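# Coordinate inspection notes
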2 protein chains.
Amino acid sequence: MKEVTLKQIAENLGISITTVSKALKDYPDVSKKTKALVKKEAKKLNYKPNVFAVNLRTRESRTVGLIIPEVVHHFFSSVINGIIEQAEKKGYLVIILQSNESYKLEKKQIDLLVSKRVDGIMISLANKTVDISHLKRVKELEVPLVMFDKISKLIDCSKIVINDRAAAYEATKHLIERGCKRIAHFRGALLPQNSIDRFLGYKKALEDHGLKYDSSLVYICENVDYNDGIRAANQLLKDHDDVDGIFAITDLAAIGAIAVFNEKGIRVPDDVAIMGFSNWFVSSAITPSLSTVDQPGYEMGKRTFKQLFKEMKARRENEEVELKTIELDTKLIKRNST
Amino acid sequence: MKEVTLKQIAENLGISITTVSKALKDYPDVSKKTKALVKKEAKKLNYKPNVFAVNLRTRESRTVGLIIPEVVHHFFSSVINGIIEQAEKKGYLVIILQSNESYKLEKKQIDLLVSKRVDGIMISLANKTVDISHLKRVKELEVPLVMFDKISKLIDCSKIVINDRAAAYEATKHLIERGCKRIAHFRGALLPQNSIDRFLGYKKALEDHGLKYDSSLVYICENVDYNDGIRAANQLLKDHDDVDGIFAITDLAAIGAIAVFNEKGIRVPDDVAIMGFSNWFVSSAITPSLSTVDQPGYEMGKRTFKQLFKEMKARRENEEVELKTIELDTKLIKRNST
DNA sequence: TTAACATCCGAAAACGTTTTCGATTATTAT
DNA sequence: ATAATAATCGAAAACGTTTTCGGATGTTAA
């Protein structure tokens, strides 16, 4: 009933704990014969090292932390998926925390992870995060840190992102090429970089193609969700009667808009063409199916962990490591809404 | 630059490590004066106990494990959300692993969690899991275990579920009350209990209301997803021309069917009424909006952790604890598809 | 004055592992 | 034969905490 320990094995075999430990880890100063003996006994007793002791001794937890704004979200859950899979392959487990888009909570989660002594941290910032002293602290403690998707330029660490600006540019350009002349934009909150970049891409595309930018065509969707899309679409219908295209910052907002138009008998894409963003998989299931920009969540998660892994390894071996900013490709997906 | 330890504080104050430890934990055999001194010094140095040492000494990790079939799934991500929130409130962190609906992987994940010495495990079984020896082992190791949603009746532990059978009964009954006479069922794979129970509820409702059960109206959707719904709907159109209602095992399958009908000009609900299951939030965003059964994911997560917490506490204090099976309420949501 | 008791503190063991370094024995070279 | 070298092992320290138990000191009662 008692736990099997190195001591147990050592006693059974009449040798020292040291030798048992070394035998199991294939140290060169243990004879083949004893190694075989030890391994056999370990197997027989189903010995599993006590991670608590190993952690204490090696100062490593083989665990990483992940902080995201919200779990219930197609894009982020895809990222989680990529991270967990990759982490497991390398023998790491993942502790997931949610910031609920709150700066205060995000700070607390960082503290939690640090006090749990995770070997590395991955984070996508909350929208409301402007102060980044909590992240600076992580750097000071020399805990490897990788940011993804919602990043801050103010902190020096590896970043895995898409080129929001270019992707938004392409999306808007696609609307223009479809013949749209008055294109509205449902943008996100003012703060997060994604929201800014997508807006800038939209604006640039207009200007590059001889359409003048009109700020009254830009609507803010604070939570970039379905209801925001509905609200914005209704407001748009009140304000303008000449809009023939919409570039929405997320698929959800776009789907909200489509619902409004469907209900009012406004034809999509004949009267108004609509572009979403993310390629959330329902976007192909609605009527009309939604044109959008594919945002590679799984891939982003995978790359994020891989980079973190490199940095954790470098740290363990006291080597320098290059901090990288990786931009992943997005893909324009043309469907029936444009 | 060095880590702050009890020893550090003790040396600074010229007292023993023991006293420092006891002072910080408010032991009664330390004078108020020294307690104050110690706490002040600890605060000054920003002392944080080394969890590795604490874990080793207390044999607890204050970490729990969660195994689910897939993360990228609205229902499960809602459960995750409930669990994480509740766990954090009680000072626990959550390690999340995915079984990808594979028994082999599920077994491996259990081993991983056990070897990480989590204080408790929550699991929703993979569809293909029939052998449950890996769960039996968890029980033997006396690691508290709570199952939710996809459970096995063969293992003796607490379970948090909905009454799938009753919910499916209500859903089918609703179709019948709407006037449907020939009701098809898109069911899930043969194995998981949910799938069986929902099927049984469907069948019972038919029989109780004078409709005869026809096995040719039951289609299997192996992955219960959008494409399965499309496939099943197409097959149904080939096989039958008199079906006027469908009860689908998930919203996704129902949405797939709706897409097919929309395309073929078959009117929903006039020609065919459709019920989904889960109340995935997109179900209100499609056209027509989908009638469904609300499955309380967040609540389920919350209750699951709460039960686990009780059992972990009982274990720590060597008390007996009652294993509970909790059934959560579902709610019929009537929308435009019926 | 001594006995009884309360108050406060610290030595030391324990948790289970990893790793350094020295000791012992066996082997080879001279 | 002795010296040098290789092969094998184990004692012990260390990681940082928690907790038991006994000792010291001071206080009160008889």
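Residues numbered from 1 in each chain as written. Chains lettered and ligands numbered in written order. Predicted model: local features only at pLDDT ≥ 70, side-chain atom pairs only at ≥ 80, totals over all residues. Heavy atoms only, no water.

### Describing the protein's contact with DNA strand C
Taken together, 25 residues sit near DNA strand C, with Leu6, Tyr47 and Arg57 of chain A together with Thr19 and Lys22 of chain B positioned nearest. Protein-proximal atoms of DNA strand C, defined as those within 4 Å of the protein, fall in sugar or phosphate at a share of 58%. With respect to DNA strand C, the side chain of Tyr27 of chain A contributes an N or O atom lying 2.8 Å from a phosphate oxygen. Taking Thr18 of chain B, its side chain carries an N or O atom lying 3.1 Å from a base nitrogen of DNA strand C. (Near = heavy atom within 4 Å. Polar contact = N/O pair within 3.5 Å; in protein donor to acceptor, adjacent residues only side chain to side chain.)

### Let's talk about the protein's contact with DNA strand D
Not every one of the 25 residues close to DNA strand D is listed here, only the nearest: Thr19 and Lys22 of chain A together with Leu6, Tyr47 and Arg57 of chain B. Sugar and phosphate atoms form 60% of the subset of DNA strand D atoms that lie within 4 Å of the protein. For DNA strand D, a phosphate oxygen lies 3.1 Å from a polar atom in the backbone of Ser16 of chain A. Between Thr18 of chain A and DNA strand D, the recorded distance is 3.0 Å, taken from a side-chain N or O atom to a base nitrogen. Of all the secondary structure elements, the ones that give two or more residues to the surface near DNA strand D are helix H2 (17–24) and helix H4 (51–58) of chain A together with helix H2 (17–24) and helix H4 (51–58) of chain B. Classifying every residue of the surface near DNA strand D by side-chain character gives 9 nonpolar, 9 polar and 7 charged. (Helix = DSSP H or I, 4+ residues; strand = E, 2+ residues; numbered from the N terminus. Nonpolar A, V, L, I, M, F, W, Y, C, P; charged D, E, K, R; others polar.)

### So, the interface of chain A and chain B
Contact with chain A, which involves 48 residues of that partner, is made by 48 residues of chain B. For the pair chain A and chain B, the summed buried surface comes to about 4400 Å²; carbon and sulfur atoms form 63% of the total. Of all residues in chain A, Phe52, Leu93 and Arg117 of chain A bury the most surface against chain B, accounting for 17% of the area lost on that side. Viewed at the interface, chain B and chain A are joined by 4 salt bridges. With a closest N to O distance of 3.3 Å, Lys108 of chain A and Glu88 of chain B form a salt bridge. At the level of secondary structure, the elements contributing two or more residues to the side of chain A that touches chain B comprise H4, helix H5 (74–89), strand S2 (93–98), helix H6 (103–115) and helix H11 (251–264) of chain A. Sort the elements by how many residues they give to the side of chain A that touches chain B and H5 of chain A lands first, with 8 residues. When the residues that make up the side of chain A that touches chain B are grouped by side-chain class, the tally is 24 nonpolar, 15 polar and 9 charged. (Contact = heavy atoms within 4.5 Å. Buried area = accessible area lost by both parts, 1.4 Å probe. Salt bridge = Lys/Arg side-chain N within 4 Å of Asp/Glu carboxyl O.)

### Focus on the sheet that holds strand S8 (residues 245–248) of chain B
All names here are of chain B. Pairing within the open sheet is parallel, and its 4 strands lie in the order S7-S6-S8-S9. In this open sheet, the two edge strands, each paired with only one partner strand, are strand S7 (218–220) and strand S9 (273–275). Each adjacent strand pair in this sheet contributes to an overall mean axis angle of 15°, direction not counted. Its contacts with the sheet place helix H9 (residues 193–208) against strand S6 (183–187), S7 and S8, and it is angled at close to 170° to S6. (Pairing = 2+ DSSP bridges. Axes fitted to C-alpha atoms, helices over the stretch in contact; angles between N-to-C directions.)

### Quick notes on the domain arrangement of chain A
Residue and element names in this part refer to chain A. Assigned domains of chain A: these are domain 1 (6–49), domain 2 (61–162 + 298–331) and domain 3 (164–294). The straight-line distance from the C-alpha centre of domain 2 to that of domain 3 is 30 Å. Between domain 2 and domain 3, the residue contacts involve 11 residues of the former and 13 residues of the latter. A combined buried area of about 1000 Å² lies between domain 2 and domain 3, and 54% of that area is made up of carbon and sulfur atoms. (Domains from an automatic or database assignment.)

### Considerations on a positive patch on the surface
All names here are of chain A. Where like charges cluster on the molecular surface, the positive patch consists of Lys89, Lys90, Lys306, Lys310 and Lys313. In terms of residue count, helix H12 (residues 297–316) provides more of the positive patch than any other element does, 3 residues in total. Position of Lys306 among the secondary structure elements: in helix H12. (Patch = residues over 30% accessible without salt bridge, like charges linked within 9 Å, V, L, I, M, F, W, Y side chains within 5 Å. Areas by Shrake-Rupley, 256 points an atom, 1.4 Å probe, with all protein chains shown as cover. Lys, Arg positive; Asp, Glu negative; His and termini not counted. Charge placed at Lys NZ, Arg CZ, Asp CG, Glu CD.)

### A few points about the pattern of salt bridges
All names here are of chain A. Counting across every chain of the model gives 36 salt bridges over all chains. With a closest N to O distance of 3.0 Å, Lys150 and Glu101 form a salt bridge. Note that Lys150 is positioned in the loop between strand S4 (145–148) and strand S5 (158–162) and Glu101 in the loop between S2 and H6, a separation of 49 residues in sequence. We note that Lys150, like Glu101, is buried. The residue Asp271 makes a salt bridge to Arg267 at a minimum N-O spacing of 2.9 Å. On the basis of relative accessibility, which here comes to 29%, the residue Asp271 falls in the partly exposed class. Among the ionic contacts, a cluster of salt bridges with common partners joins Asp26, Lys35 and Lys39. (Buried < 20%, exposed > 50% of the residue type's maximum accessible area, 1.4 Å probe, protein only.)

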